[in-house]
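Residue strings, one per chain:
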Amino acid sequence: MFHTPIIPHEQDSFHTPAAVQDSFYTPHQPAPASHRAPQPEQNPLLLSACEEAVDETAERSQEYFHMPAFLQTPLCTHSPHLLHCVPIMPGTVLVIVSEVPKSHLAGHICQCLLTLVTTEMMQGKKGGSAREGGQGRNLVEVLEGNVKRVLDATRKMKGGLERVHKDLVNRWDLVRKGGLLEYMDSAAANPPPRLETALSEFTRTLKVLFRLLFLTYKPPQAAEDKQRETMDTVQELVSKKICDYKDYLSVKAQRNVTMTTYLEDFPGLIHFLYIDRSMDLVIAPAINVTTHPEPGSFDHTAVLKVKVWEMVRRWQHYLQNSFTSSVVRDGDFCYSYFLWFEDPSGNPLSPQQPVKQVQGAPPGILAGHYYRDLCARCFPTMPVGAVNCYELMCMHVGVVPAEFVASHCRKLAAMLWETSGEAHSPISLL
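Residues numbered from 1 in each chain as written. Predicted model: local features only at pLDDT ≥ 70, side-chain atom pairs only at ≥ 80, totals over all residues. Heavy atoms only, no water.

**Observations regarding the overall build of the chain**
Item 1. Summing up its helical and strand segments, the chain has 11 helices and nine strands in all.
Item 2. When burial is assessed residue by residue, the chain has 34% of its 430 residues classed as buried.
Item 3. For the chain, the share of sequence-separated contacts (at least 6 apart) that also reach a separation of at least 24 residues comes to 70%.
Item 4. When the accessible surface of the chain is split by element, carbon and sulfur atoms take 57% of a total near 26,700 Å². (Helix = DSSP H or I, 4+ residues; strand = E, 2+ residues; numbered from the N terminus. Buried < 20%, exposed > 50% of the residue type's maximum accessible area, 1.4 Å probe, protein only. Contact = heavy atoms within 4.5 Å. Areas by Shrake-Rupley, 256 points an atom, 1.4 Å probe, with all protein chains shown as cover.)

Given below as structure tokens:
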């Protein structure tokens, strides 16, 4: 099933963050009463009111929070959105995605930046040849159209955006007067110094505008209050709708798949992640070692979660460096990673082209579908959807030999493939 050899990386090691490392300290002896500074008299009613206010604020902040996210859409590569996270029951969070104001401007700004990069305006033209058939003029016209939309939309904005609008107008005038059109139609390999400087300043101003609009923007207080009121209403409605399924969902969220199911067949296995990258489905056992740890006790669940996320980040880094399989020993644990390809019937496929190191978005699906692009690069002659990509990450006890780790991974992958749900292609019943 796996077509790339296991590559040991004994020199690599996982580093446990300081948050879970052992810390030692010497408790200070309390100062004698005669040496203590006099404390002002405190009002117990005032202290009680302050404590209640702090508790209410902390509880309110835990109930609802929002965070920005930039999603890829058909019209924009970095469309600004807001993720509203509302807990509706213990262990279950409702996530609502909403667009932010003036989000249409992000598409025009991204198109401007993309045109500047893809047309090699700032990097120089390869080979120093002129573009054929008026292609250079067409690219400049596309850029001018997007710049005009951005300038029209920001003309009436106030505050810091008004100053950025003026800077953008001035920078664009310098680009046009610097001979952009003449350069794009010429055979020059690099733009003139004056034009290169103008393009660099224009690009920087576009990025400043994007940051002010979507990264540092804070809505008015009235809008935030209305937003919070809406989220409270949604939380109440959804909680009532699924009240009858509360216990069932809570159990499934906490103990959907447990490691006890696999311990007999895979001795030494601590945790695993099986990911179907063609359908974006994940199978992973629960990591709840201690459901309710006692105060001051060592939380094994937190340490295990840290180790698992360290494992995920490490393999993403390895994949970016063209490693599709490897085994790493680190202290008391052995970590293994495998990526492979199959056809819709489950037959293994060998890549037509080797997995090469590509600079760009990290492995994942938020900043573009990395694995879909990986399948296209490794199988350039195969139609879209004809190749399925899978990942398996395992965490074993460190004393398990490498050959047993590889054997476990093959057997576990076959077992999970059979129980992962619907087949990728319909089965003929004739």
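**A closer look at helix H3 (residues 135–154)**
Item 1. The end-to-end C-alpha separation of H3 is 29 Å, in line with the 28 Å expected for 20 residues at 1.5 Å each.
Item 2. Taken together, the buried positions of H3 are occupied by Gly136, Val140, Leu143, Asn146, Val147, Val150, Leu151 and Thr154. The buried residues of H3 occupy one face: seen down the axis, they fall within an arc of 140 degrees. (Expected span 1.5 Å × (residues − 1). Arc of directions from axis to C-beta.)

**Focus on the sheet that holds strand S3 (residues 92–99)**
Item 1. The strand order across the open sheet built from three strands is S1-S2-S3, with neighbouring strands paired in antiparallel fashion. Where the open sheet ends on each side, the last strands, each with one partner, are strand S1 (65–71) and S3. The average undirected angle you get between the axes of adjacent strands in this sheet is 30 degrees.
Item 2. Pairing analysis gives seven bridges linking S1 to strand S2 (residues 79–89), with the strands arranged antiparallel. Its bridge partner lying in S2, Pro68 is registered against Leu82. (Pairing = 2+ DSSP bridges. Axes fitted to C-alpha atoms, helices over the stretch in contact; angles between N-to-C directions.)

**Regarding the environment of Ser239**
Item 1. With respect to the helices and strands, Ser239 occurs in helix H7 (residues 221–241).
Item 2. In this structure, the C-alpha to C-alpha distance between Ser239 and Met89, residues 150 residues apart in sequence, is 7.3 Å.
Item 3. A polar contact of 3.4 Å, which involves the side chain of Ser239, links it to the backbone oxygen of Ile88. (Polar contact = N/O pair within 3.5 Å; in protein donor to acceptor, adjacent residues only side chain to side chain.)

**Let's talk about the pattern of salt bridges**
Item 1. One pass over the structure, following the stated rule, counts nine salt bridges.
Item 2. A salt bridge links Arg176 to Asp173; its shortest N-O distance comes to 2.9 Å. Within this pair, Arg176 and its partner Asp173 are both found in helix H4 (residues 160–177), separated by three residues, close to a single helical turn.
Item 3. Residue Arg176 is classed as partly exposed on the basis of its relative accessible area of 49%.
Item 4. A relative accessible area of 25% means that Asp173 is categorised as partly exposed. (Salt bridge = Lys/Arg side-chain N within 4 Å of Asp/Glu carboxyl O.)

**What to know about the side chain of Ser336**
Item 1. Assignment of secondary structure puts Ser336 in strand S7 (residues 333–342).
Item 2. When sequence neighbours within four positions are dropped, the list of residues in contact with Ser336 reads Trp315, Ser326, Val327, Leu392, Met393, Cys394, Val405 and Cys409.

**Looking at the nonpolar core**
Item 1. Judged by nonpolar contacts, the single largest core of 32 residues is most densely connected at Ile109, Val175, Leu180, Phe202, Leu206, Leu209 and Leu213.
Item 2. Contributing elements (two or more residues each) for this core: helix H2 (103–118), H3, H4, helix H5 (180–185) and helix H6 (193–215).
Item 3. If one sorts the elements of this core by residue count, H6 sits on top with 10 residues.
Item 4. Setting aside chain neighbours within four positions, we find Leu206 in contact with Ile109, Cys112, Leu113, Leu116 and Leu168.
Item 5. Counting residues in hydrophobic clusters, the runner-up holds 27 residues, among them Tyr318, Phe341, Leu374 and Cys389. (Core = buried A, V, L, I, M, F, W, Y, C linked by side-chain atoms within 4.5 Å.)

**Structural notes on helix H11 (residues 402–419)**
Item 1. Compared with the 26 Å implied by 1.5 Å per residue over 18 residues, the 26 Å span of H11 between its first and last C-alpha is a close match.
Item 2. Among the residues of H11, those classed as buried are Val405, Ala406, His408, Cys409, Leu412, Ala413 and Leu416. Angularly, the buried residues of H11 cover 160 degrees about the axis, an arc narrow enough to put them on a single face. Turned more than 90 degrees from where H11 packs its buried face, Glu403 and Glu418 sit exposed.
Item 3. Tucked into the core, H11 has its buried residues touching strand S4 (269–276), strand S5 (281–283), S7 and strand S9 (388–397).

**Details of the packing of aromatic side chains**
The geometry of two aromatic rings is summed up by the distance between their centres and the angle between their planes.
Item 1. Throughout the structure, instances matching the rule amount to 13 aromatic pairs.
Item 2. Relative to Tyr390, the ring of Tyr274 lies with its centre 6.1 Å away and its plane at 25 degrees, an arrangement referred to as stacked. Within this pair, whereas Tyr274 is found in strand S4, its partner Tyr390 is found in strand S9, the two being separated by 116 residues in sequence.
Item 3. What makes Tyr390 buried here is its relative accessible area of 1%.
Item 4. Between Trp315 and Tyr318, the ring centres sit 5.0 Å apart and the planes meet at 55 degrees, which makes this aromatic pair tilted. Placement of the pair is Trp315 and Tyr318 together in helix H9 (residues 300–320), with a separation of three residues, close to one helical turn. This pair shows no difference in class: Trp315 is buried, exactly as Tyr318 is.
Item 5. By way of ring pairs, the aromatic residues Trp315, Tyr318, Phe323 and Tyr337 are connected into one cluster.
Item 6. Seen from the ring of Tyr370, Arg377 lies directly overhead, with NZ or CZ sitting 5.9 Å from the centre. (Phe/Tyr/Trp six-rings, centres within 6.5 Å; stacked < 30°, edge-to-face > 60°. Lys NZ or Arg CZ within 6 Å of the ring centre and 35° of its normal.)

All quantities given are derived from atomic positions and should not be read as evidence of function.
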